[in-house]
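# Commentary on secondary and tertiary structure
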Amino acid sequence: PSPRNPLAIPSSVVPASADIYVVPITSHHIDNNNFCHKDKYGYIDLGNIRIKSNFYSCDKKSGEPYTSEDLKSIPGGYKLLAQPKLLFSVNFQDRRQVEDLLNVGQTKSVKFQITEDGVCHAMAGWFTLHLDQHQQLSTAPQEKSCWQQAIFPVLSPPTQTKVYKNASEVTATFKIHKHVQFETFESRLLPSSSHAVDGNGCDSRWKEDLQEIELPPSTLRYLNCPKIEQIYQWLAYYASRDVACQNILDLTGDIPLLCTQFAKTSPTSKFTLKVDTSKDRDKVRCLLDFLTAVAKQNGLPIGNFSCITDDLSDSGNGSSEEQFNLCLVNPVSSSGRLDQTVLLGLQQTLSCLVPNSGLVLPHKLQLWAQLIQSDQLCEWTHLRSNQPVDGFRIADQLNILAVTHQQE
């Protein structure tokens, strides 16, 4: 109520306010999403190449300057390197404050006294919602909520992110403007520290002026998977031994990890890579940067690699008439779904192979099914009871919208 409108009904915003907390963490899983520390990948030498994530530099269509993880179930676990600190609070009932955060924004810096040894791989963030004066809801990792935590990868070189218990201080700066955006990370040793700072005990490649390339986090997970590395190395060895590999076509559109293995086991092979410049130029740039760096490091003739941008049936440069000994395809997408475009195009792909001897790899796809029981999957996909919503009968209607596929 107000003098201008005395009959107005008192109202309030729910939630009334929110507190946002951040903390530096270490996690092998997050590190694998953002760096590759390997000296070799199968037969390929990576020792003098710095490989890191392009998470902040790529053209992000989602508009979100962070990713998310469920820290309480993250593979390999995680460790807090300091005590969580309040980044900022917002009162949703204060219209001026909300409009200021949306239209103008503010920059906040938070200092942390390190309480555990480790390498800071990310800043983790979560919030506490104050529903009213008494009730609150927290998304902290120790709470049993359905929310994941925000993850802001720290992509500074490991020489700058290694920290020591009671001897290091970390300062993280964030820009709060519509989103919460991670700006800078700085770590310093306290004056009383006796730790050496020369290289900070990290891989020597980060202390030297070496070539650096950036790859998508999804590619880095692939690159850091020992099982895939083992399969690619095994495949390159036996295919080069038992199959003619003079001309290889790669239709996957991914970083040519397998092709570079073939380039070592079969040095005279010629490679044709399919790239799609119309959809994702960042991905194509990463592919070419990786190929150029690996070829230089391993003495591979870059002239043995060529690219096509059109479908084989539409290519006007003669590529569709060229015949290949091997064709690499990716029939299953990263989400676990069958790639309909690849499957429908197999007939055209087969027509490009050398008759009677050409191979498509993988040459066989098997689908396996297994009946399972999982309370967690059930909770993710269905409203199992009307009790959590005060008995209102909405489960039947909500479950009509339940998704039928979960990638986990």
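As a starting point, this report considers the structure included with it. (Residues numbered from 1 in each chain as written. Predicted model: local features only at pLDDT ≥ 70, side-chain atom pairs only at ≥ 80, totals over all residues. Heavy atoms only, no water.)

### Comments concerning the sheet that holds strand 19 (residues 270-274)
- Pairing within the open sheet is parallel, and its five strands lie in the order 20-19-18-21-22. For this open sheet the edge positions go to strand 20 (305-308) and strand 22 (359-361), each flanked by a neighbour on one side alone. Direction aside, the axes of adjacent strands within the sheet are offset by 20° on average.
- Pairing analysis gives four bridges linking strand 19 to strand 20, with the strands arranged parallel. From the neighbouring strand, Lys274 faces strand 20, where its bridge partner is Ile308.
- Along the sheet, helix 6 (residues 257-265) makes contact with strand 18 (247-250), strand 19, strand 20 and strand 21 (326-328), crossing strand 19 at roughly 175°. (Pairing = 2+ DSSP bridges. Helix = DSSP H or I, 4+ residues; strand = E, 2+ residues; numbered from the N terminus. Axes fitted to C-alpha atoms, helices over the stretch in contact; angles between N-to-C directions. Contact = heavy atoms within 4.5 Å.)

### Describing a nonpolar patch on the surface
- Judged by side-chain polarity, Leu338, Leu343, Leu346, Leu365 and Leu367 come together as a nonpolar surface patch covering roughly 420 Å² of accessible area.
- With respect to the secondary-structure elements, Leu367 resides in the loop between strand 22 and helix 10 (375-381). (Patch = residues over 30% accessible without salt bridge, like charges linked within 9 Å, V, L, I, M, F, W, Y side chains within 5 Å. Areas by Shrake-Rupley, 256 points an atom, 1.4 Å probe, with all protein chains shown as cover. Salt bridge = Lys/Arg side-chain N within 4 Å of Asp/Glu carboxyl O.)

### Focus: the nonpolar core
- In terms of nonpolar packing, the biggest core is built from 39 residues, with Leu46, Ile51, Leu215, Leu223 and Phe262 touching the most fellow members.
- Where this core is concerned, the elements lending two or more residues are strand 5 (49-53), strand 17 (211-215), helix 4 (217-223), helix 5 (226-242), helix 6, strand 19, helix 7 (281-298) and strand 21.
- In terms of residue count, helix 7 provides more of this core than any other element does, eight residues in total.
- Counting residues in hydrophobic clusters, the runner-up holds 26 residues, among them Ala82, Phe112, Cys120 and Val154. (Core = buried A, V, L, I, M, F, W, Y, C linked by side-chain atoms within 4.5 Å. Buried < 20%, exposed > 50% of the residue type's maximum accessible area, 1.4 Å probe, protein only.)

### Some details on the sheet that holds strand 5
- Here we have three strands laid out as an open sheet, ordered 2-5-17, and mixed in their pairing. This sheet does not close on itself; its edge strands, each paired only once, are strand 2 (35-36) and strand 17.
- Sheet topology note: the strand 2/strand 5 ladder contains two bridges and is antiparallel. Bridging across to strand 5, Cys36 finds its partner in Ile51.

### Topic: the environment of Cys245
- Inspection of the secondary structure puts Cys245 in the loop between helix 5 and strand 18.
- The exposure class of Cys245 is buried, given its relative accessible area of 5%.
- When the C-alpha positions of Cys245 and Thr265 are compared, they lie 9.8 Å apart, and in sequence the two are 20 residues distant.
- For Cys245, the contacting residues outside a window of four places in its chain are Ala239, Ser240, Phe262, Ser266, Ser269, Asn325 and Leu326.

### Observations regarding helix 2 (residues 95-103)
- For helix 2, the capping residue at the N-terminal end is Asp94, with a side-chain oxygen 3.2 Å from the backbone nitrogen of Arg96.
- One or two residues past the end of helix 2 sits Gly105, with phi positive at roughly 80°. (Polar contact = N/O pair within 3.5 Å; in protein donor to acceptor, adjacent residues only side chain to side chain.)

### Quick look at unusual backbone geometry
- Following Val14, the chain continues into Pro15 via a peptide bond in cis, with omega recorded as 5°.
- If you trace the backbone, Pro15 turns up in the segment before strand 1 (17-26).
- Here Leu361 and Pro362 are connected by a cis peptide whose omega angle stands at -5°.
- You can see Pro362 is positioned in the loop between strand 22 and helix 10.
- The backbone phi angle of Lys178 is positive, close to 70°, even though this residue is not glycine.
- Structurally, the position occupied by Lys178 is in the loop between strand 15 (168-177) and strand 16 (179-189).

### Some points on the packing of aromatic side chains
- Under the counting rule described, the total for this entry stands at 11 aromatic pairs.
- Judged by centre distance (5.6 Å) and plane angle (70°), the rings of Phe127 and Trp147 are edge-to-face. Remark: Trp147 occurs in the loop between strand 12 (136-138) and strand 13 (149-153) and Phe127 occurs in strand 11 (residues 122-130); sequence separation between them is 20 residues.
- Overall, the relative accessible area of 24% leaves Phe127 in the partly exposed class.
- Note on Trp234 and Tyr238: the rings are 5.2 Å apart at their centroids and 50° apart in plane angle, and the pair reads as tilted. On the criterion of helical spacing, the pair formed by Trp234 and Tyr238 is a turn pair, its members being four residues apart in helix 5.
- Counting every residue linked through ring pairs, the aromatic cluster contains Phe55, Tyr56, Tyr66, Phe152, Phe174 and Phe182.
- The residue whose ring lies beneath Lys85 is Phe112, and the NZ or CZ to ring-centre distance is 5.5 Å. (Phe/Tyr/Trp six-rings, centres within 6.5 Å; stacked < 30°, edge-to-face > 60°. Lys NZ or Arg CZ within 6 Å of the ring centre and 35° of its normal.)

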